Amino acid sequence: MKKLILCIFVMLTLSFDTKKEDAFDVGEWFKFRIHYGIINAGYATLEMKEATVNNKKVFHAVGKGYTTGMSRFFFKVDDLYESYFDKETGNPYQFVRKIDEGGYTKNQEGFFNQDGRVLVKDYKHKTEKTVAVGKNVQDIISSFYYLRNHPNIDKLKSGDSITIDMFFDNETTKFKLKFVGREDITTKFGTVPTMIFKPLVQSGRVFKEKESVTLWITDDDNKLPVRIKAELAVGSLKADLDAYKGLKNPLKVKK
């Protein structure tokens, strides 16, 4: 279950590339319902706040994931991810990762330096480690907001791919997304025009194939994820947009 919850966070935080006018602002909040068939497995939320880092106003994004109901009884998950990043460049200053997944815990904080390194403080093990990551590397949460602002997103053609660099678990990971096409999907908010992407994942024990995950994002100025589906080795996992508020732009819904 912990890998599935992590997958949801990765899918939520991976969209596009390059900075443009922000598709979001302080006050944005949305929630995903994660379900396995008819079983409600849990929820994931993302909220945009504001904070001050080095006397500068920055974006402060907070992501949470947790199991609920019977899923919580069998496998308790309480995850907290935070990111502090620049309002102009989108580059991260700091991240927080506090997770409890069935007894597996992490309590880490990372600080991005201008020279392309990250100082990772592990409070659980009382250690510090500096990792060289290069330039223009995002953390798992800042990726979502930084990459939502791709200036050429509407020009992508079916089959085009985008690769981004993301720092996670003390290393930089290249994550590839392939644009599939467009589709109107039915949601609890109405019929929503979407763009469809297939992130490249590792096939094996969890996922059936490398393209087992499908991501639908709104085909409007928000570029908000509204559905995620993962074909697993056994069954499939879905996450649907369940609630939202504070969007910078009106959600495009067809009547």
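Attention here is on the structure that accompanies the text.

Criteria and cut-off values
- Residues numbered from 1 in each chain as written.
- Predicted model: local features only at pLDDT ≥ 70, side-chain atom pairs only at ≥ 80, totals over all residues.
- Heavy atoms only, no water.
- Helix = DSSP H or I, 4+ residues; strand = E, 2+ residues; numbered from the N terminus.
- Contact = heavy atoms within 4.5 Å.
- Core = buried A, V, L, I, M, F, W, Y, C linked by side-chain atoms within 4.5 Å.
- Buried < 20%, exposed > 50% of the residue type's maximum accessible area, 1.4 Å probe, protein only.
- Salt bridge = Lys/Arg side-chain N within 4 Å of Asp/Glu carboxyl O.
- Phe/Tyr/Trp six-rings, centres within 6.5 Å; stacked < 30°, edge-to-face > 60°.
- Pairing = 2+ DSSP bridges.

1. Some words on the overall build of the protein chain
For the protein chain, the count of helices and strands is three helices and 15 strands. Taking as baseline every contact in the protein chain between residues at least 6 positions apart, the subset at least 24 positions apart corresponds to 51%.

2. Quick notes on the nonpolar core
Membership of the largest hydrophobic core comes to 46 residues, with the highest contact counts inside it found for Phe30, Phe32, Met48, Phe85, Ile141, Tyr145 and Phe197. Counting residues in hydrophobic clusters, the runner-up holds eight residues, among them Val120, Val131, Val137 and Phe167.

3. A short note on the pattern of salt bridges
Inspection of the entire model under this criterion finds 11 salt bridges. In this structure, Asp86 engages Lys56 in a salt bridge whose closest nitrogen and oxygen atoms are separated by 2.6 Å. Placement of Asp86 in the loop between β4 (77-85) and β5 (92-101) and of Lys56 in strand β3 (residues 56-67) is noted, with a sequence separation of 30 residues between them. Judged by relative accessible area, Asp86 falls into the buried class, the value being 4%. Its salt-bridge partner being Asp184, residue Lys254 comes within 2.7 Å of it at the nearest N-O pair. Taken together, the residues span a long stretch of sequence, with Lys254 in the segment after β15 (236-245) and Asp184 in strand β11 (residues 171-187) at a distance of 70 residues.

4. A closer look at the packing of aromatic side chains
On inspection of all chains with the given rule, the structure shows 14 aromatic pairs. Arranged with centres 5.0 Å apart and planes meeting at 70 degrees, the rings of Phe24 and Tyr145 form a pair that is edge-to-face. Highlighted residues: Phe24 in the loop between α1 (2-13) and β1 (29-36) and Tyr145 in helix α3 (residues 142-147), separated in sequence by 121 residues. The pair Phe24 / Tyr145 is uniform in exposure class, with both members buried.

5. Quick notes on the pairing of strand β12 (residues 190-199)
With seven of its 10 residues buried, β12 lies for the most part within the structure. Both β11 and β12 contribute to a ladder of 10 bridges, which runs antiparallel. Looking at β12, one finds that Arg182 is bridged to Met195. Counted along the chain from β11 to the antiparallel partner β12, the turn is two residues long. As judged from the four bridges shared by β12 and strand β13 (residues 213-218), these two strands associate in the antiparallel manner. Its bridge partner being in β13, Ile196 is matched across the sheet by Trp216.

Limitation: the analysis is restricted to geometry and does not speak to function.
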